[in-house]
Amino acid sequence: GLPASPHTLSLQASRDGMRLLAAGDDGVVRIHDLEHRTTRQIADLRAPVQARFADGERTIVAFGGTRVAMIDAASGTRREITAAVPIDALEVSGPIAYWVDHGGALWKLDLAGTVPLQVPVDEPVHDLAWSPDGRWIALAGAIHLLVADRTQPAQPPTPVMTGDTRALEWSADS
């Protein structure tokens, strides 16, 4: 088999399905090439992390605790920022990362920048998911399922339905 962390915390397929981005409890971020059955270690952050492809798969965003690392997929060069509160969930669309912190606040980071911005939401949020086209982000709020339009950043997230949302997933054709 291919090398792996003792416990894999995240696993994401590339858009073409030929590579897997894996990160685990040992802090190691790896890309597995499924066709050639090879593995390349991208980074060792020495603490439990999850990872997401970003910016056309040229960048990898690794996160764990209050740490967010942006890693160049080709060179391994990285830079880090520290969030004020531990991150519970993080998703990326293009060059933008959104995350939910342990207190239920929503944050946005342009991956070229260094300062995350808090996104105003009228209720605590506990999960998020991007639409396949990257335009919409679904937010599991404490009271509502909300959606935000990435093309309209000045507009607040809109409630879609009332109730406790437990899981978020978009269909591939949405």
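Read on for an overview of the structure. Think of each chain on its own: its residues are numbered from 1, step by step along the sequence as written. Where totals are concerned, whole chains, interfaces and linings use all residues; where local detail is concerned, this predicted model gives features only for residues with pLDDT of at least 70, and gives and counts side-chain atom pairs only at 80 or more. By convention in this description, side-chain values take in all heavy atoms of the structure and omit both hydrogens and water.

On to the overall build of the chain. For helices the rule is a DSSP run of H or I covering at least 4 residues; for strands it is a run of E covering at least 2, with both sets numbered from the N terminus onward. A tally of regular secondary structure across the chain gives zero helices and 16 strands. Throughout, radius of gyration means the C-alpha value; the globule benchmark is 2.2 Å times the number of residues raised to the power 0.38. The C-alpha atoms of the chain give a radius of gyration of 16 Å, which matches the 16 Å a tight globule of 174 residues would have. A buried classification covers 43% of the 174 residues belonging to the chain. When contacts within the chain are restricted to residue pairs at least 6 apart in sequence, long-range pairs at least 24 apart make up 31% of them. Per element, the accessible surface of the chain, about 9,200 Å² overall, is 53% carbon and sulfur. Charge counting treats Lys and Arg as positive and Asp and Glu as negative, with His and both chain ends excluded. Here the site of a charge means NZ on Lys, CZ on Arg, CG on Asp, or CD on Glu. A gap of 6 Å separates the mean positions of the 15 positive and 22 negative side-chain charges of the chain. Residue exposure (1.4 Å probe, protein chains only): buried if accessible area is under 20% of the type maximum, exposed if over 50%, otherwise partly exposed. Note on contacts: a residue pair is in contact if any heavy atoms of the two residues lie within 4.5 Å. Using a 1.4 Å probe, the Shrake-Rupley method yields the accessible areas, and only the shown protein chains count as cover for residues.

What follows concerns the packing of aromatic side chains. Only the six-membered ring of Trp is used, alongside the rings of Phe and Tyr, when aromatic pairs are assigned; centres must lie within 6.5 Å, and planes under 30 degrees apart are stacked while those over 60 apart are edge-to-face, with the rest tilted. Applying the stated criterion across every chain yields a total of one aromatic pair. With centroids separated by 5.3 Å and ring planes inclined at 70°, the aromatic side chains of Tyr 98 and Trp 130 adopt a geometry described as edge-to-face. Placement of Tyr 98 in strand β10 (residues 96-101) and of Trp 130 in strand β13 (residues 125-130) is noted, with a sequence separation of 32 residues between them. Accessibility assignment for this pair places Tyr 98 and Trp 130 in one class, buried.

Attention now moves to the sheet that holds strand β15 (residues 144-149). Pairing between two strands requires that DSSP report at least two bridges joining them. The four strands are arranged β13-β14-β15-β16 in an open sheet whose pairing can be described as antiparallel. Every interior strand has two partners, whereas the edge strands, β13 and β16 (158-162), have only one. Here the average twist between neighbouring strands, direction ignored, is 25°. The sheet contact formed by β13 and strand β14 (residues 136-141) spans five bridges and is antiparallel. Within β14, the position partnered with Trp 130 by the bridge is Ile 137. For helices, the fitted axis covers only the stretch in contact; all axes are lines through C-alpha atoms, and the angles between them, taken along N-to-C directions, range from 0 to 180 degrees.

This next bit is on unusual backbone geometry. Phi angles above zero are rare outside glycine, and Arg 46 is one such case at about 60°. Notably, Asp 55 is not glycine yet its phi reads approximately 50°, a positive angle. Relative to the helices and strands, Asp 55 resides in the loop between β5 (50-54) and β6 (59-64). Overall, Asp 55 belongs to the partly exposed group, its relative accessible area being 26%.

On to the pattern of salt bridges. Counted as salt bridges are all cases of a side-chain nitrogen of Lys or Arg within 4 Å of a carboxyl oxygen of Asp or Glu. This model, assessed by the stated rule, comprises 10 salt bridges. In this structure, Arg 30 engages Asp 26 in a salt bridge whose closest nitrogen and oxygen atoms are separated by 4.0 Å. Residue classification places Asp 26 among the partly exposed residues on the basis of a relative accessible area of 26%. With its nearest N and O atoms 3.0 Å apart, the salt bridge here joins Arg 58 to Asp 55. Here the residues in one salt-bridge network are Arg 15, Arg 19 and Glu 57, joined through shared partners.

Our focus in this paragraph is the side chain of Thr 59. Structurally, the position occupied by Thr 59 is in strand β6. Once you skip the residues sitting within four places of it in the chain, Thr 59 turns out to touch Arg 52, Phe 53, Ala 54, Met 70, Ile 71 and Ala 73.

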